[in-house]
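# Residue-level structural notes
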Amino acid sequence: MPGISTELFPQGVSEHLTCSICHDVLNAGAFSCDQQHVACSECLKEWIAKEPSCPTCRVEVKEVVESPILSRMVKSLKCKCSQEGCDWTGEYSELAPHLDSVCSYYPRACSKAALGCDSLVSNAELPAHLDDDCLFNEKECPRGGRDCGGPGLGLYLSKDWSDHYHACQQHSCRIQGCTTIGSADVIALHKPGCREMDRALKEAEKGRAEAEQGRAEGQAEVEALRARVKELEGKPSSSQGQPFLPARSSSSSRESRQSRVFNVAAASQSKRGRIIPSTSPRRSRSPSGSELGSPVKKARS
Ligand SMILES: [Zn+2]
Ligand SMILES: [Zn+2]
Ligand SMILES: [Zn+2]
Ligand SMILES: [Zn+2]
Ligand SMILES: [Zn+2]
Ligand SMILES: [Zn+2]
């Protein structure tokens, strides 16, 4: 096993605690010669298996003996946590206990390991793992909790989700306004008809709304006509006779007025005694004043 990464020791490490073979911090350090040159025990064993001499001064190495004093010195070095994101610092001897139980960023056995999960997850990642990935996390059925009728009464392990899905009796038809609830199979059978019915209802509602709009428009037209009639009725009487007056010179207009007087007289005469037949003189038909003196002649001709 190689040495301990120098990156864990931001304050730096003396060369007396650095392995002469791997150049990292001594891991179970040992003296390699009487000069007290040092190396990791593992590194030194691998070294002398090929060449039985001190890697620093080349004197013969008889055996590799791990040095307790070197280990104690390394253990008292100031270090930081090995996990990215963690801001813990302390003596190197405290790092292992920190990682084992405290560090939120160190991957450990999932809390559902006893049920069968073999994932390694940090405390920081555990909630997301339990929610999304862990197959051995117990979940409550999203449709009705403990009362949905599935095995375990709505509680199941994530790995059994599919079994629960088919056993659950709390599937609901999601079509608006429908309250049908049952197994997934029941809902699958129910849905096409329900959708058809929903469509028909919407269609009918649309027709009703259109008819209602048409009625409102008709009503508005009637109102407009009534308003127009009222407007015409409300006009002064002088303008009422306008269409009957010829729009010509003032003299002919006077003549026309005279002829009307004449006609009124004739009409009242005829009503009173029926003496004068319908061929009575009608000067009003004269286009001009040229035949003024002979109304009777004109009518007889
Ligand atoms: Zn080493
Ligand atoms: Zn040496
Ligand atoms: Zn940590
Ligand atoms: Zn898990
Ligand atoms: Zn359920
Ligand atoms: Zn339905």
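Residues numbered from 1 in each chain as written. Chains lettered and ligands numbered in written order. Predicted model: local features only at pLDDT ≥ 70, side-chain atom pairs only at ≥ 80, totals over all residues.

### Remarks on the overall build of the protein
Check the secondary structure of the protein and you find eight helices and 11 strands. Looking at the protein as a whole, 13% of its 301 residues are labelled buried. At a minimum sequence separation of 6, the contacts of the protein that also span at least 24 residues come to 22%. (Helix = DSSP H or I, 4+ residues; strand = E, 2+ residues; numbered from the N terminus. Buried ≥ 20, exposed ≤ 12 C-beta atoms within 10 Å, placed from the backbone. Contact = placed C-beta atoms within 7 Å.)

### Let's talk about the UniProt feature "domain: RING-type" (unreviewed entry) in the protein
Annotation from UniProt places "domain: RING-type" (unreviewed entry) at residues 19–58. For residues 19–58, helix accounts for 25% and strand for 15%, while the C-alpha atoms at its two ends are 15 Å apart. (UniProt positions renumbered as here; feature names shortened; annotations may be inferred.)

### Details of the sheet that holds strand S3 (residues 65–66)
Sheet strands associate in pairs through backbone hydrogen bonding, adopting either a parallel or an antiparallel arrangement. Strand order across the open sheet formed by three strands is S2-S1-S3, with antiparallel pairing between neighbours. Each edge of the open sheet is held by one strand with a lone partner, namely strand S2 (38–40) and S3. Two elements, strand S1 (residues 29–31) and S2, share three bridges in a ladder whose sense is antiparallel. Looking at S2, one finds that Gly29 is bridged to Cys40. Across the sheet, helix H1 (residues 41–50) is in contact with S1, S2 and S3; its angle to S2 comes to roughly 95°. (Pairing = 2+ DSSP bridges. Axes fitted to C-alpha atoms, helices over the stretch in contact; angles between N-to-C directions.)

### Some details on the nonpolar core
Formed by 13 residues in total, the largest nonpolar core has its most connected members in Cys19, Leu26, Val38, Ala39, Cys40, Cys43 and Leu44. Mapped onto this core, the elements with two or more residues apiece are S2, H1 and helix H2 (68–75). If sequence neighbours within four positions are ignored, Ala39 has contacts with Cys19, Ser20, Ile21, Ala30, Ser32, Leu44 and Pro55. Listed in part, the five residues of the second largest apolar core include Cys110, Cys117, Val121 and Leu130. (Core = buried A, V, L, I, M, F, W, Y, C linked by C-beta atoms within 7 Å.)

### Side note on unusual backbone geometry
A positive phi angle, near 55°, is found at Ala28, a position not held by glycine. Mapped onto the fold, Ala28 is located in the segment before S1. With a phi angle near 70°, Arg58 is a residue other than glycine that sits in the positive phi range.

### Looking at helix H6 (residues 184–233)
End to end, H6 covers 72 Å across 50 residues, agreeing with the expected 74 Å (1.5 Å per residue, within 8%). Along H6, the sharpest kink reaches roughly 35°, centred on Lys191 and followed within four residues by the proline Pro192. A small share of H6 lies buried, amounting to zero of its 50 residues. (Expected span 1.5 Å × (residues − 1). Bend = angle between axes of the 7 residues up to and from the residue.)

### Things to note about the environment of Ala96
The topology assignment puts Ala96 in helix H3 (residues 92–102). Taking the C-beta count within 10 Å as the criterion, Ala96 has 9 such neighbours and is therefore assigned exposed. Along the sequence, Ala96 and Ser82 sit 14 residues apart, while their C-alpha atoms lie 9.9 Å from each other.

### Considering the confidence of the model for the protein
Of the residues in the protein, 76% have a pLDDT of 70 or more, and the chain-wide mean is 81. Contacts from residues 238–301, a stretch scored under 50 in pLDDT, to residues over four places away or in other chains number 27 contacts. (pLDDT = per-residue confidence, 0-100.)

### Quick notes on the environment of Glu138
Its place among the elements puts Glu138 in strand S8 (residues 138–140). Classification of Glu138 as partly exposed rests on a count of 14 C-beta atoms within 10 Å. Taking the C-alpha atoms as reference points, Glu138 and Trp161, 23 residues apart in sequence, are found 9.9 Å from one another. Those residues within four positions of Glu138 in sequence are excluded, and the remaining contacts are Leu155 and Leu157.

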